[in-house]
Amino acid sequence: MSIREAARRLGRDVKAVHGDVHALLKAGILIKTKSGQIEFPFDAIHVNFVLEAA
C-alpha cells in the first residue's frame, strides 16, 4: 500500500508516516524491493529496550 493509504488507515499525517517509513528502512526493519515497493520481510520482531527519563 502507499504511504498515503497507510497514513489514512492509521489516522496519521502523511509526512509523519513518510518519516517513520524512512527511519524503519534505515534501521533495516523495512526493505525496499527492486520494484520500489516497501516490505516488512519478517513474521514478527522481538524488541527489547529500556526507556529512561531525559
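Predicted model, so just to flag it, every value in this text is computed and none were measured.

**Q** When you look at the nonpolar core in this model, what are you seeing that I'm missing?
**A** Soluble, globular proteins show a tendency: their nonpolar side chains are buried together. Membership of the largest hydrophobic core is limited to five residues, which are Ala6, Ala7, Val17, Val21 and Leu30. Broken down by secondary-structure element, the contributors of at least two residues to this core are α1 (3-10) and α2 (14-26). Dropping the residues within four chain positions of it, Leu30 is found in contact with Val21, Leu24, Leu25, Ile38, Glu39 and Phe40.

**Q** For this particular structure, what's the right way to read the pattern of salt bridges?
**A** Pairing is possible between side chains of opposite charge, provided their charged atoms come close. With the rule as written, the count across this model stands at three salt bridges. Taking the shortest distance from any N to any O, the salt bridge between Glu5 and Arg8 comes out at 2.6 Å. One end of the pair is Glu5 and the other is Arg8, both in helix α1 and three residues apart, which spans about a single turn. Look at Glu5 and you get partly exposed, because its relative accessible area is 21%. By relative accessible area, which is 58% here, Arg8 ends up exposed. Here Asp20 and Arg12 are joined by a salt bridge, their closest N and O atoms 2.5 Å apart.

**Q** Is there a simple way to think about α2 in this case?
**A** Turn by turn, an α-helix covers 3.6 residues, leaving residues three or four places apart pointing in a common direction. Relative to the 18 Å expected for 13 residues at 1.5 Å per residue, α2 spans 18 Å between its end C-alpha atoms, a close match to the ideal helical length. One or two positions beyond α2, positive phi appears at Gly28, with a value near 85°.

Basis of the calculations
Residues numbered from 1 in each chain as written. Predicted model: local features only at pLDDT ≥ 70, side-chain atom pairs only at ≥ 80, totals over all residues. Heavy atoms only, no water. Core = buried A, V, L, I, M, F, W, Y, C linked by side-chain atoms within 4.5 Å. Buried < 20%, exposed > 50% of the residue type's maximum accessible area, 1.4 Å probe, protein only. Helix = DSSP H or I, 4+ residues; strand = E, 2+ residues; numbered from the N terminus. Contact = heavy atoms within 4.5 Å. Salt bridge = Lys/Arg side-chain N within 4 Å of Asp/Glu carboxyl O. Expected span 1.5 Å × (residues − 1).

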